[in-house]
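Close look at the chain arrangement
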Number of protein chains: 2
Amino acid sequence: MSKLVIVGTVAFDAIETPFGKTDKILGGAATYIGLSASHFNIDAVAVSVVGGDFPQEYLDLLSNKNIDTSGIEIVKEGKTFFWSGRYHNDMNSRDTLATELNTLADFNPVVPEVYKDAEVVMLGNLHPIVQSSVLDQMSSKPKLVILDTMNFWMDCALDDLHNVIKRIDVITINDEEARQLTGEYSLVVAARKIHEMGPKYVVIKKGEHGALLFHNEHVFYAPALPLEEVFDPTGAGDTFAGGFAGYIAKTGDVSFENMKNAIIYGSTLASFCVEKFGTERMQNLSSDEIHKRLLQFKQLTQFEIELT
Amino acid sequence: MSKLVIVGTVAFDAIETPFGKTDKILGGAATYIGLSASHFNIDAVAVSVVGGDFPQEYLDLLSNKNIDTSGIEIVKEGKTFFWSGRYHNDMNSRDTLATELNTLADFNPVVPEVYKDAEVVMLGNLHPIVQSSVLDQMSSKPKLVILDTMNFWMDCALDDLHNVIKRIDVITINDEEARQLTGEYSLVVAARKIHEMGPKYVVIKKGEHGALLFHNEHVFYAPALPLEEVFDPTGAGDTFAGGFAGYIAKTGDVSFENMKNAIIYGSTLASFCVEKFGTERMQNLSSDEIHKRLLQFKQLTQFEIELT
């Protein structure tokens, strides 16, 4: 079985949307990535850190989804990373109400020995130095390294960010972040500039407008499934990335054509994530449901024009 | 050959974008719709009104593209409708600098006798009473009536708008207008409410994010081609509608599957329109170029997932 290393936060989230609010619930990039990647029958390990306050039942939940939690350090005397946010009515923007780094402040990720030759590495949004340190630990060059990041690191650790971006194959970034990173409004031009920074593949996430994959002169555009109701967008980007990484790990095929499929799987899984609060929908998602939604995606986007 | 009636403005536009500005140039919904539909080898007539100031060379330009101008009334003592606008840096919003209705204020469209049995009618953005009056003139029920409109009529002629919307088959509307018309943020719910107003097909234009086609529970999403540079968005929506209407008129097939293709043709043609100021690009567009871009659209959106 292919191995996938997932690095990112495992956290408590408290979320407010127009539909309601939650207490502290399970969250974090590695959590969403893992739950999404768990659908591909691969050897996935989560590399993260939590405090002594983190419930065993959450760790069990991940283990039961075949996500190896041996890479999650438990700092008994520490507290788990906590994020709280409130979404605006249009669900496209949010205010951060609280960010308590806690144990994440001193996070030194350790890749378990048996995963150091993993084929695929998914670096969730973290300080770029922390992301780099994971790559330093790999014993062989992974087939594909995927990196997610955010505007925060562009504001306060841009040099470090550039240093890790040089070393990766695929960057996933949202449209505003792509514009900030490059100073270019056109996403076509922005993607070209990001290519020049290192990544051969650039995935630009556009939320309800879908996702774009750029590879030199090649472009693929996967729309998002139009939904009746977005309940909670938290984790959608990570769920997308987890589906992408999981599908690549499973197939072992890093061709552009196969990455299109990875994008479709990522979009499909993300479309479930937003249907309920937090990870709830991803905890209860059958392969039959995924299969049906993939068919919906085909109907949504595929056409038959006779081009002579 | 199938007949297409195009009703809309034929106008002077003056446009400012970050790339430059124009004097009064050829514009108007019927102009863009006509230039786009002219690629489908159909009998198209433009129904409109201009003043004595409208140059014969512009009429000749339309005639040379096989757009019948016999439906364009020339009010010798009047002036042609004039619109002027300035686009913001992101090209997604604009300010109207001037709107001079002139002869358009008293426009009474007259459908030439020979077109009263046309298979397809494309009602460009105009006062809904004017749009209705065109339908009153048809001698037989058209196979498909497509209507474009805008927020202005929702603000000041909503009842009239509802009256004409009842009578048509396809509405093309942008995302903000769909939300305004229905009071619903979700485009899925908005489309359902518009279905209830009459149209069996709802096309929601999302600019750089593409276009959605809704028909009951069926949805199709055509992304827009990501462009290096949008030079001037003026007329893109009308060019899209003209491609849609032209393709339906040519094929005579109003099935949902064929409408997907019409959406792709519309998106393809619109992607050219924005490359130069005003109608310039549409005046010089070969079928070979269209064919190549259709292939680009296929590569952009089509994927091959084995679903067992």
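Residues numbered from 1 in each chain as written. Chains lettered and ligands numbered in written order. Predicted model: local features only at pLDDT ≥ 70, side-chain atom pairs only at ≥ 80, totals over all residues. Heavy atoms only, no water.

As for the packing of aromatic side chains
- Tallying each qualifying case throughout the model produces 20 aromatic pairs over all chains.
- Here tyrosine 247 of chain A and tyrosine 265 of chain A contribute two aromatic rings whose centre-to-centre distance is 4.6 Å and whose plane-to-plane angle is 20°, an arrangement assigned as stacked. Placement of the pair is tyrosine 247 of chain A in helix 8 (residues 236–251) and tyrosine 265 of chain A in helix 9 (residues 256–273), with a sequence separation of 18 residues. There is no split in this pair, since tyrosine 247 of chain A and tyrosine 265 of chain A are both buried.
- For the ring pair phenylalanine 19 of chain B and phenylalanine 231 of chain B, a centre distance of 4.9 Å and an interplane angle of 20° mean the geometry is stacked. Highlighted residues: phenylalanine 19 of chain B in the loop between strand 2 (11–17) and strand 3 (20–21) and phenylalanine 231 of chain B in the loop between strand 14 (218–222) and helix 8 (236–251), separated in sequence by 212 residues.
- Among the aromatic residues, ring-to-ring pairing joins Phe12, Phe54 and Tyr58 of chain A into one connected group.
- Lying across the ring of phenylalanine 272 of chain B, arginine 293 of chain B places its NZ or CZ 3.9 Å from the centre. (Phe/Tyr/Trp six-rings, centres within 6.5 Å; stacked < 30°, edge-to-face > 60°. Helix = DSSP H or I, 4+ residues; strand = E, 2+ residues; numbered from the N terminus. Buried < 20%, exposed > 50% of the residue type's maximum accessible area, 1.4 Å probe, protein only. Lys NZ or Arg CZ within 6 Å of the ring centre and 35° of its normal.)

Re the side chain of asparagine 261 of chain A
- Position of asparagine 261 of chain A among the secondary structure elements: in helix 9.
- Engagement of the side chain of asparagine 261 of chain A in a polar contact is seen with the backbone oxygen of glutamate 304 of chain B, the distance being 3.1 Å.
- If we ignore the near neighbours within four places in the chain, the residues touching asparagine 261 of chain A are Tyr247 of chain A together with Phe303, Glu304 and Ile305 of chain B. (Polar contact = N/O pair within 3.5 Å; in protein donor to acceptor, adjacent residues only side chain to side chain. Contact = heavy atoms within 4.5 Å.)

Quick look at the sheet that holds strand 14 (residues 218–222) of chain A
Residue and element names in this part refer to chain A.
- Read from one edge to the other, the open sheet built from nine strands follows the order 6-5-1-9-10-11-12-13-14, with strand pairing classed as mixed. One side of each edge strand has no neighbouring strand; the edge strands of this open sheet are strand 6 (67–75) and strand 14. Taken pair by pair, the neighbouring strands of this sheet meet at an average axis angle of 15°, ignoring direction.
- When strand 10 (residues 144–148) meets strand 11 (residues 170–174), the two strands line up parallel, connected through three bridges. Each bridged residue has a counterpart across the sheet, and for isoleucine 146 the counterpart in strand 11 is valine 170.
- Running at roughly 165° to strand 9 (residues 120–123), helix 3 (residues 128–137) makes contact with strand 1 (3–7), strand 9 and strand 10 of the sheet. (Pairing = 2+ DSSP bridges. Axes fitted to C-alpha atoms, helices over the stretch in contact; angles between N-to-C directions.)

Some points on the nonpolar core
- Leu4 and Phe244 of chain A together with Val5 and Leu123 of chain B are the most contacted members of the largest nonpolar core, which has 114 residues in total.
- Looking at this core, the element that brings in the most residues is helix 9 of chain A, giving 10 residues.
- When neighbours within four sequence positions are excluded, leucine 4 of chain A is seen to be in contact with Ala37, Ile42, Asp43, Ala44, Val45, Ala118, Val120, Val121, Met122, Ala245, Gly246 and Ala249 of chain A.
- Counting 111 residues, the second largest nonpolar core, distinct from the first, contains Ile171 and Met197 of chain A together with Phe240 and Cys273 of chain B. (Core = buried A, V, L, I, M, F, W, Y, C linked by side-chain atoms within 4.5 Å.)

Let's talk about the interface of chain B and chain A
- With 38 residues of chain B at the interface, the matching set in chain A holds 38 residues.
- It is Tyr221, Phe303 and Leu307 of chain B that lose the most area in chain B upon contact with chain A, and together they represent 20% of the buried surface on that side.
- In this structure, glutamate 208 of chain B engages arginine 179 of chain A in a salt bridge whose closest nitrogen and oxygen atoms are separated by 3.9 Å.
- Counting every contact that joins chain B to chain A gives 19 residue pairs in polar contact (both at pLDDT 80 or more).
- Those elements giving two or more residues to the side of chain B that touches chain A turn out to be helix 7 (187–197), strand 14, helix 9 (256–273) and helix 11 (287–301) of chain B.
- The element best represented in the side of chain B that touches chain A is helix 11 of chain B, accounting for eight residues.
- When its residues are assigned to classes, the side of chain B that touches chain A shows 20 nonpolar, nine polar and nine charged. (Buried area = accessible area lost by both parts, 1.4 Å probe. Salt bridge = Lys/Arg side-chain N within 4 Å of Asp/Glu carboxyl O. Nonpolar A, V, L, I, M, F, W, Y, C, P; charged D, E, K, R; others polar.)

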